[in-house]
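One letter stands for each residue in the lines below.
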Amino acid sequence: AFRDAGIRGPRRFLDRVWNLVGEAEAGGELTKEIVVRWHATKKKVAEDLENLHYNTAIAALMELVNALRADNVCDKAVAEELVIMLAPFAPHFAEELWERLGGEGLLTKAHWPSVDAALLVDDQVEIAVQVLGICSALAVTTRMDKAIVMGVGVTLVTAFANLAVSLVRNYT
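Residues numbered from 1 in each chain as written. Predicted model: local features only at pLDDT ≥ 70, side-chain atom pairs only at ≥ 80, totals over all residues. Heavy atoms only, no water.

Sorry, what's going on with the packing of helix α1 (residues 8-23) against helix α4 (residues 76-86) here?
Relative orientation and spacing of two packed helices are given, respectively, by the angle between their axes and the distance between those axes. Packing of α1 against α4 brings their axes to within 10 Å, and their N-to-C directions diverge by 150°. Taken as axis vectors, α1 and α4 run roughly antiparallel relative to one another. Of the two elements, α1 crosses α4, and the hand of that crossing is left-handed. For the pair α1 and α4, contact is made by Phe 13, Leu 14, Val 17, Leu 20 and Val 21 and by Ala 79, Leu 82, Val 83 and Leu 86, respectively. (Axes fitted to C-alpha atoms, helices over the stretch in contact; angles between N-to-C directions. Helix = DSSP H or I, 4+ residues; strand = E, 2+ residues; numbered from the N terminus. Parallel < 35°, antiparallel > 145°, perpendicular 65-115°, else oblique. Left-handed = near helix turned anticlockwise from the far one by under 90°. Contact = heavy atoms within 4.5 Å.)

Below you can see the structure in the form of structure tokens.
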């Protein structure tokens, strides 16, 4: 038997998208985090659609909408691409949003959003360091020279070792 209870979640999501599109404005302030998440979402949705993983594609769209709402900002370009990515799942709704955004022609004729792969490369990584059984992580940029990273690691190891020796002296 059909129950209306299963419709509430998707309806709330579509309501959030509707409100987000209504608040969209050209040239909105976007943080680097949002821009990276926006491009990661475009990549994820495209890959999931190709692999017929519709649930995870919709989940990625929901995460993007939640992030945009949390930052309380929505750029018109982000809203337009969000609507394009939503179209395979809610075509009539997306077409209404497209018209609301002032989109030219039919949404089905719009180009799929492109991904800037350079934005998806992490510019910081964590390297695990263990000294005398004590674990720590060292955050370094990916552009950092290997010799510098090794030097920082050796300095960290030396500092841990000196700390351990002083602790042993103080408690014995």
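Help me understand the environment of Lys 32, please; the structure alone is not making it clear to me.
Structurally, the position occupied by Lys 32 is in helix α2 (residues 32-50). Taking relative accessible area as the criterion, Lys 32 reaches 54% and is therefore assigned exposed. Lys 32 sits 87 residues away from Leu 119 along the chain, and the two C-alpha atoms are 9.1 Å apart. (Buried < 20%, exposed > 50% of the residue type's maximum accessible area, 1.4 Å probe, protein only.)

Just checking my understanding: could you explain the pattern of salt bridges for this structure?
When their charged atoms lie close together, side chains carrying opposite charge are able to pair. Here the structure, examined in full by the defined rule, presents four salt bridges. With its nearest N and O atoms 3.0 Å apart, the salt bridge here joins Asp 15 to Arg 11. Note that Asp 15 and Arg 11 are positioned in helix α1 at a spacing of four residues, about one turn of the helix. Of the charged contacts, one joins Asp 48 and Lys 44 as a salt bridge, the two residues approaching to 3.0 Å between their closest N and O atoms. In this pair, Asp 48 and Lys 44 are both assigned in helix α2, four residues apart and thus about one turn of the helix distant. On the basis of relative accessible area, Asp 48 is assigned to the buried category, the value being 5%. Look at Lys 44 and you get partly exposed, because its relative accessible area is 35%. (Salt bridge = Lys/Arg side-chain N within 4 Å of Asp/Glu carboxyl O.)

In this structure, what is going on with the environment of Gly 102? I would like to understand it.
Of note, Gly 102 is situated in the loop between α5 (91-100) and β1 (124-131). In this structure the C-alpha to C-alpha distance between Gly 102 and Glu 80, which are 22 residues apart in sequence, comes to 9.4 Å.

What is the right way to look at the packing of α1 against helix α3 (residues 54-70) in this model?
Axis separation between α1 and α3 bottoms out at 11 Å; the angle between their running directions is 50°. Regarding the angle of α1 to α3, the classification is oblique. Pair α1 / α3 crosses with left-handed handedness. Where α1 approaches α3, its residues Phe 13, Arg 16, Val 17 and Leu 20 are matched on the opposing element by Leu 61, Met 62, Val 65, Asn 66, Leu 68 and Arg 69. Class assignment of the residues belonging to the contact of α1 with α3 gives a composition of seven nonpolar, one polar and two charged. (Nonpolar A, V, L, I, M, F, W, Y, C, P; charged D, E, K, R; others polar.)

Before we go on, may I ask you to explain unusual backbone geometry in this structure?
When glycine is set aside, most residues are seen to have a negative phi, and most peptide bonds are trans. With a phi angle near 60°, Leu 52 is a residue other than glycine that sits in the positive phi range. For Leu 52, the location among the structural elements is in the loop between α2 and α3. When its relative accessible area of 57% is taken as the criterion, Leu 52 is described as exposed.

Whenever I open this one, the nonpolar core confuses me. Can you help?
In globular proteins that are soluble, nonpolar side chains generally tend to be buried together. Ranked by internal contacts, the top residues of the largest apolar core, which has 30 residues, are Val 17 and Val 83. At the level of secondary structure, the elements contributing two or more residues to this core comprise α1, α2, α3, α4 and α5. Dropping the residues within four chain positions of it, Val 17 is found in contact with Val 65, Leu 82, Leu 86, Phe 93 and Leu 97. (Core = buried A, V, L, I, M, F, W, Y, C linked by side-chain atoms within 4.5 Å.)

What exactly am I supposed to notice about α4 here?
Along an α-helix, residues three or four positions apart point the same way, because every turn accommodates 3.6 residues. Counted residue by residue, α4 has eight buried out of 11 residues, so it is predominantly covered. Every buried residue of α4 is accounted for by Val 78, Ala 79, Glu 81, Leu 82, Val 83, Ile 84, Met 85 and Leu 86. Residues of α4 that are buried in the fold lie against α1, α2, α3 and α5. The N-terminus of α4 is capped by Asp 75, whose side-chain oxygen sits 3.1 Å from the backbone nitrogen of Ala 77. (Polar contact = N/O pair within 3.5 Å; in protein donor to acceptor, adjacent residues only side chain to side chain.)

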